[in-house]
Amino acid sequence: MPHAHLNLHEPTGDAVETTTCYMCACRCGIRVHLKDGRVRYIDGNPRHPVNRGVICAKGSAGIMQHYSPARLSKPLLRVGARGAREFREIEWDEALALATKWLGDIRARNPDELAFFTGRDQSQALTGWWAQQFGTINYAAHGGFCSVNMAAAGMYTFGGSFWEFGEPDWELTKYLMLWGVAEDHDSNPIKLGLGKLKARGAKIVAINPVRTGYGAIADEWVPINPGTDGLLAGALIHELLHADRIDLDYLVRYTNAHHLVIRAPGAADDGMIARDAEGRALCAARTNRRPGESRHPASAGGTRGEELDPGFRPEDDHGGARRPGYLVVDAARIDISPLVIGEYALADGRIAVPAFQLFAERYMADGYAPDAVATTCGVDASTIRRLARELAEVAFERAIRLPQRWTDAWGREHEEMIGRPVAMHAMRGISAHANGFHTCRALHLLQMILGAIDTPGSFRYQPPYPKPAPPPNRPGKARKDNGALDAGPLGYVHTPDDLVVDAHGEPRRIDKAFSWQHPFAAHGMLQNVIANACAGDPYRIDTLFLFMANMGWNSAMNTSATRAMLCERDPASGEYRIPHVIYADAYDSETVAFADLVLPDTTYLERHDCISLLDRPISDADGASDAIRQPVVRPDRDVRPFQDVLLDLGARLGLPGLVDETGAPKYPRGYAQYMVEHERAPGVGLLAGWRGTDGAHDGVGAPNPGQLARYIEHGCHWHRAVPDAGRYYKMANRDYLEWAKSLAFVGSTQPIVLQFYAETLQRFRLAARGHGAMQPPDHERARVERYFDPLPFHYSSLPPLAGEAAEGGWGEGPSQACPHPDPLPQPGEGDLHYPLAAITQRPMFMYHAWGSQNRWLRQIATRNYLYMNPRTAAEHGVADGDWVWLAAPRGRIRVQARTHAGTAPGTVWTWNAIGKHKGAWKLAADAPENVDGFLLNHLIDESLRDRGGRARYANADPVTGQAAWFDLRVRIERDPEPRRHGHRIELAGSAA
């Protein structure tokens, strides 16, 4: 139709309803335009705090998600072999009765025989609680293979994290560093923020092996070799230390950098923070202060603490010749000037040094010098030095002073808020490596020495964060008399006593999370459950219950082998090694083919949902927010919301908390009733808005029967602004902490000390050295000793071969002489055979797997390519458009190559989750996604193996269990017919 004839004033429908988008992790507010009960148009809700009316390609294409041909329409029971896609439709009563029988038998016998694992947007506030009531320790969530490195590193360091728990100060920052940030997560808020930065002339630096999306609009792209971000961060720290461009005032005010660390090699308290008899941390303080001097000069009128001399070397001050008189005192006192370098004697004669000195000894060493790291990182030494100068110049020469009065947690009033306008943001690019935990901690320490965490212009917490570092909730591991776990199955380990291990120190969870292998696995390890269960390591399970976790395809490492494992039978009995697989999803994904029972979910426009502050909040730095979804259309299929199904199953099983004292269902009206009436603590429920019987309370209050109606009246969201005096320094701002406590975000108004030195990790290192009642098995000691360093350090994501010593030169602390604990060979013998790093990127128009079957989004990209730098292509004799083989230790895949100047020379990459398996998603057999699209996942092993092929450990970060997706090494092999089209897979001697 010619544009001149468009009737732009004709209404898009006869009704408009508000709800919350589901097409990515932003959870934006949307308006759904309806006509005759059908969805006609979706646009952004301009009144919503997340997106303020902005909508992306994914969000507007939600119509085609709702009307997708791939939607499931009825419960299915497998009648053929697994993988054959042979089912019969059944009624819900039969489906629920069968699921209740399987689950009931398990709960009566051993609840841990159920592995309940959930995928993206997993309603974890419900599903985790349900698993706790069932009594299984075997529950995990999507974050274990997506972002747990980033989340755990932040929560153990400063009680928040990049991305969902914080954001850059979009209004005030003058210099933004993006580390490994792709475009599919949190995209609308980031796009809004970047627009503000570009309009103000702030500099944006993108550090990423690939320049796409946000990197394309950055002022500078720094191509880096995958897995070396922590090394680059260390080099920046090195330069800042040598130039004495650090904010010591910030460090002694907000962090434990000045706390004294005991130096007693071999002792049970070596590396622990020195404390007095009441357990208060100690520091060394000057005794030559003027009366009334404070340790916090910038805001309290005192003088600066001990300066770090530009020429300082660790050995210079050990004798104490330049050190003034000192006293060892409570580190939390506000009337002292702490010392951050030197060696000090404690009252009992033990020797201790400030944590900052240990940090300086590590990062001022030559191994972190720009010239030493440049080749490994792929970043010129001159660029590293310049970036460090720019950070320092913006932080210290262009500081921000806001005329805002505020009161700190110690009761002192301040006339202004002072900020370092340097902000950092990081995402999956740094998380998806086996060294991601320490990489992310290195970034946080870089922020701290610049004084750039929750100050004007820097990274900012989003309520309900910050939390104590680490948060108090520990993973459940014992069952109460009613069969429920004593705590939620996920949480934060504080000491070895919190691990979920047996009397011999071996893993109790099927995924081996919270064991000596992966102690800080805060989200669990979804990627390893199938391989472990199939191998019976550490034991077998009866039922695998999956919700929106596409483990038959893109959510699995070693995809073909994972599909085979789901079909593997026990030779003795002839039964499947995993006897029952229950799968809940809205769409006919690849995993449906391997389920015994399929429970069809609704689309997001057909159900109630809760975007809770107890789960994955949508707050911004200046306010707390939560939201709901409401059904705006009725299902036209025999489907039920998974949340309703889960509550129904819980009631049928008689789970505590899901039935009343008579045994009747506690939430017979389903999830909408649960959202309103369920309380985690008196007055604290899933939704924070309009609480109390009259709806007059926020945060804490009795359930309000009219709560959902109030949310709908307000566009399906609630927002409460942080008081102006509480906007910054949230970890030590009395105005903020009192506000947060009133909303039940924190339990105390005591300041939250940032863990510059992570003493929690040292507890595990001491256990590995033979101290304490809870110690690792002998075969785990060296591994724990190496990786549980209380200060971040860089190590290669790929362990060396058997018999090789640990890599040195990166300041690995007290264990530098320790041999590498993982003498596990990689098939192919390392970089010589596989010289290139292979990673994936998420396109901003797709989100994980489910968007790529959307008929509108498919028009943007129906297949993917292998992208490489033109120089890399020339070195391998590859022309643009050639078909080549991409080989890795597990096999090879035939893919089409394209040259891309925005790719680091040592890297190849592709868009993730575009390729589909034939028969899934209701795509035609000759759909480009099936014919030409491909997955790198086929080449990624879920395990690290010995020379005999035996799985030794998960292919994951040894601290958190984060799947090391981006540690894949590959080589390019020429095809004799490079212009002949056709994708193929050749694994373990067989072609697919």
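Anything mentioned here points back to the structure above.
Thresholds, definitions, all that
Residues numbered from 1 in each chain as written. Predicted model: local features only at pLDDT ≥ 70, side-chain atom pairs only at ≥ 80, totals over all residues. Heavy atoms only, no water. Helix = DSSP H or I, 4+ residues; strand = E, 2+ residues; numbered from the N terminus. Rg over C-alpha atoms; globule rule 2.2 N^0.38 Å. Contact = heavy atoms within 4.5 Å. Areas by Shrake-Rupley, 256 points an atom, 1.4 Å probe, with all protein chains shown as cover. Lys, Arg positive; Asp, Glu negative; His and termini not counted. Charge placed at Lys NZ, Arg CZ, Asp CG, Glu CD. Pairing = 2+ DSSP bridges. Axes fitted to C-alpha atoms, helices over the stretch in contact; angles between N-to-C directions. Parallel < 35°, antiparallel > 145°, perpendicular 65-115°, else oblique. Left-handed = near helix turned anticlockwise from the far one by under 90°. Nonpolar A, V, L, I, M, F, W, Y, C, P; charged D, E, K, R; others polar. Buried < 20%, exposed > 50% of the residue type's maximum accessible area, 1.4 Å probe, protein only. Right-handed = clockwise from strand over helix to strand, strands pointing away. Phe/Tyr/Trp six-rings, centres within 6.5 Å; stacked < 30°, edge-to-face > 60°. Core = buried A, V, L, I, M, F, W, Y, C linked by side-chain atoms within 4.5 Å. Polar contact = N/O pair within 3.5 Å; in protein donor to acceptor, adjacent residues only side chain to side chain. Expected span 1.5 Å × (residues − 1). Disulfide = S-S within 2.5 Å.

A. A look at the overall build of the protein. For the protein, the count of helices and strands is 25 helices and 40 strands. A compact globule built from 992 residues would reach a C-alpha radius of gyration of about 30 Å, and the protein, at 28 Å, matches this within 12%. Taken over the C-alpha atoms alone, the protein extends approximately 85 × 75 × 70 Å along its principal axes. Looking at the protein alone, contacts between residues at least 24 apart form 71% of all its contacts between residues at least 6 apart. Here the protein displays about 32,900 Å² of accessible surface, and carbon together with sulfur accounts for 50% of that area. The averaged location of the 118 negative side-chain charges in the protein is 2 Å from the averaged location of its 109 positive side-chain charges.

B. Representation of the sheet that holds strand 12 (residues 260–262) in the model. With respect to topology, three strands assemble into an open sheet ordered 12-16-15, the strand pairing being antiparallel. Taken across any chain shown, the strands that pair with only one partner, and hence form the sheet edges, are strand 12 and strand 15 (344–345). Note: strand 12 against strand 16 (residues 351–354), three bridges, orientation antiparallel. Looking across to strand 16, one finds that Val261 is bridged to Val353. Helix 11 (residues 355–363) rests against strand 12 and strand 16 of the sheet, and its axis sits at about 70° to strand 16.

C. A look at the packing of helix 5 (residues 148–157) against helix 15 (residues 436–449). It is the contact of helix 5 with helix 15, at a shortest axis distance of 8 Å, that shows an interaxial angle of 45°. Taken together, helix 5 and helix 15 sit at an angle that is classed as oblique. For the pair helix 5 and helix 15, the sense of crossing is right-handed. For the pair helix 5 and helix 15, contact is made by Asn149, Met150, Ala152, Ala153, Gly154 and Thr157 and by Gly436, Phe437, Cys440, Arg441, His444, Leu445 and Met448, respectively. Of the residues assigned to the contact of helix 5 with helix 15, the class counts are seven nonpolar, five polar and one charged.

D. Structural detail: the packing of helix 8 (residues 229–242) against helix 11. For the pair helix 8 and helix 11, the least separation of the axes is 9 Å and the interaxial angle reads 110°. Here helix 8 is positioned roughly perpendicular relative to helix 11, judged by the angle of their axes. When helix 8 is examined against helix 11, the residues Gly234, Ile237, His238 and Leu241 are found in contact with a partner set consisting of Phe356, Phe359, Ala360 and Tyr363. Residues that form the contact of helix 8 with helix 11 fall into these classes: six nonpolar, two polar and no charged.

E. Highlighting the sheet that holds strand 4 (residues 76–78). Reading across the sheet, the seven strands line up as 5-4-25-24-23-6-7 and stay open at both edges, with mixed pairing between neighbours. Bordering the open sheet on either side are strand 5 (87–89) and strand 7 (139–140), each of which pairs with just one other strand. One ladder, built from five bridges, connects strand 23 (residues 543–547) with strand 24 (residues 580–585); its direction is parallel. Considered in strand 24, the bridge of Leu546 is made with Tyr583.

F. Broad picture of the environment of Pro468. Here Pro468 lies in the loop between strand 22 (459–461) and helix 16 (529–535). Not counting residues within four places of it along the chain, the set of residues in contact with Pro468 comprises Met155, Gly159 and Ile752.

G. Geometry of the pairing of strand 24. Where burial is concerned, most of strand 24 is hidden: six out of the six residues are buried. Residues His580, Ile582 and Ala584 of strand 24 are buried on one face, and the alternating residues Val581, Tyr583 and Asp585, pointing to the opposite face, are buried as well. Note that the unit made of strand 23, helix 17 (residues 559–566) and strand 24 has a crossover that is right-handed. Of the strand pairs in this sheet, strand 24 and strand 25 (residues 597–600) are connected by four bridges, and their pairing is parallel. Bridge pairing in strand 25 places Ala584 opposite Leu599.

H. Structural context of the pairing of strand 34 (residues 891–899). The pairing of strand 32 (residues 866–868) with strand 34 spans three bridges and is parallel. Residue pairing in the sheet places Tyr867 in a bridge with Arg898 of strand 34. Where strand 33 (residues 883–888) and strand 34 come together, six bridges link them in antiparallel fashion. From the neighbouring strand, Trp885 faces strand 34, where its bridge partner is Arg894. Taken together, strand 33 and the strand that follows it, strand 34, pair antiparallel across an intervening segment of two residues. Relative to strand 39 (residues 984–987), strand 34 runs antiparallel, the two being bridged by four bridges. Each bridged residue has a counterpart across the sheet, and for Gly891 the counterpart in strand 39 is Leu987.

I. Just the packing of aromatic side chains, in detail. Taken as a whole and judged by the stated rule, the model has 43 aromatic pairs. Pairing Phe356 with Phe756 gives two aromatic rings, centres 6.3 Å apart and planes at 25°, and the pair type is stacked. Residue Phe356 is located in helix 11, and its partner Phe756 is located in the loop between helix 21 (734–742) and helix 22 (759–768); the two are separated by 400 residues in the primary sequence. Summarising the burial analysis for this pair, Phe356 and Phe756 share the class buried. Ring geometry for Trp406 and Tyr729: centres 4.4 Å apart, planes at 10°, overall stacked. With Trp406 in strand 18 (residues 406–407) and Tyr729 in the loop between strand 30 (717–721) and helix 21, this pair connects stretches of sequence that are 323 residues apart. Looking at Tyr729, the relative accessible area reads 5%, which means it is buried. An aromatic cluster of three or more residues is present, and its members are Phe116, Trp130, Phe134, Tyr139, Phe545, Phe547 and Phe642.

J. Expanded view of the nonpolar core. Grouped together as the largest cluster of nonpolar side chains are 298 residues, with contacts concentrated most on Trp130, Trp179 and Phe356. Excluding residues that lie within four positions of it along the chain, Trp130 makes contacts with Leu103, Leu114, Phe116, Leu646, Leu649, Gly650, Leu653, Leu655 and Leu658. Counting ten residues, the second largest nonpolar core, distinct from the first, contains Leu260, Ala264, Leu282 and Leu346.

K. Looking closely at unusual backbone geometry. With an omega of -5°, the peptide bond between Ala469 and Pro470 qualifies as cis. Along the chain, Asp537 connects to Pro538 via a cis peptide bond; the corresponding omega equals 15°. As for its placement among the helices and strands, Pro538 is situated in the loop between helix 16 and strand 23. The backbone of Asn558 shows a phi angle near 55°, a positive value even though the residue is not glycine. On the secondary structure map, Asn558 appears in the loop between strand 23 and helix 17. Here the phi dihedral of Trp921 falls at roughly 65°; this positive angle occurs in a residue that is not glycine. Exposure remark for Trp921: the relative accessible area of 4% places this residue in the buried category.

L. How the structure looks around the side chain of Asn955. Structurally, Asn955 is set in the loop between strand 37 (951–954) and strand 38 (969–974). Relative accessible area serves as the criterion here: at 12%, Asn955 is assigned to the buried category. Here the side chain of Asn955 touches Asp941 through a polar contact of 2.8 Å, landing on its backbone oxygen. When sequence neighbours within four positions are dropped, the list of residues in contact with Asn955 reads Met557, Ile940, Asp941, Glu942, Ser943, Leu944, Gln962, Ala963 and Ala964.

M. Summary view of the environment of Val970. In this fold, Val970 is placed in strand 38. Sequence separation between Val970 and Tyr834 is 136 residues, and the spatial gap between their C-alpha atoms is 4.5 Å. With residues up to four places along the chain from it excluded, the contact list for Val970 reads Tyr834, Pro835, Leu836, Ala838, Leu886, Ala887, Ala888 and Val908.

N. Examining helix 3 (residues 92–109) more closely. The end-to-end C-alpha distance of helix 3, which contains 18 residues, comes to 26 Å, matching closely the 26 Å that a straight helix rising 1.5 Å per residue would cover. Among all positions of helix 3, only Trp92, Ala95, Leu96, Ala99, Thr100, Trp102, Leu103, Ile106 and Arg107 are buried. Looking at the packing, one finds that the buried side of helix 3 touches strand 6 (114–118), helix 4 (124–134), strand 23, strand 24, strand 25 and helix 18 (642–653).

O. Spotlight on the state of the cysteines. Counted under the stated rule, the structure contains zero disulfides. Left unpaired, Cys377 is separated from the closest cysteine sulfur, that of Cys440, by 16 Å. With no disulfide of its own, Cys716 lies 12 Å from the sulfur of Cys610, the closest cysteine sulfur.

P. Geometry of helix 18. Spanning twelve residues, helix 18 covers 16 Å between terminal C-alpha atoms, matching the ideal 16 Å at 1.5 Å per step. Within helix 18, nine of the twelve residues are buried, which leaves the element mostly enclosed by the surrounding structure. Those residues of helix 18 that fall on the buried side of the exposure criterion are Phe642, Gln643, Val645, Leu646, Leu647, Leu649, Gly650, Ala651 and Leu653. Two residues or fewer past helix 18, Gly654 is found with a positive phi of approximately 70°.

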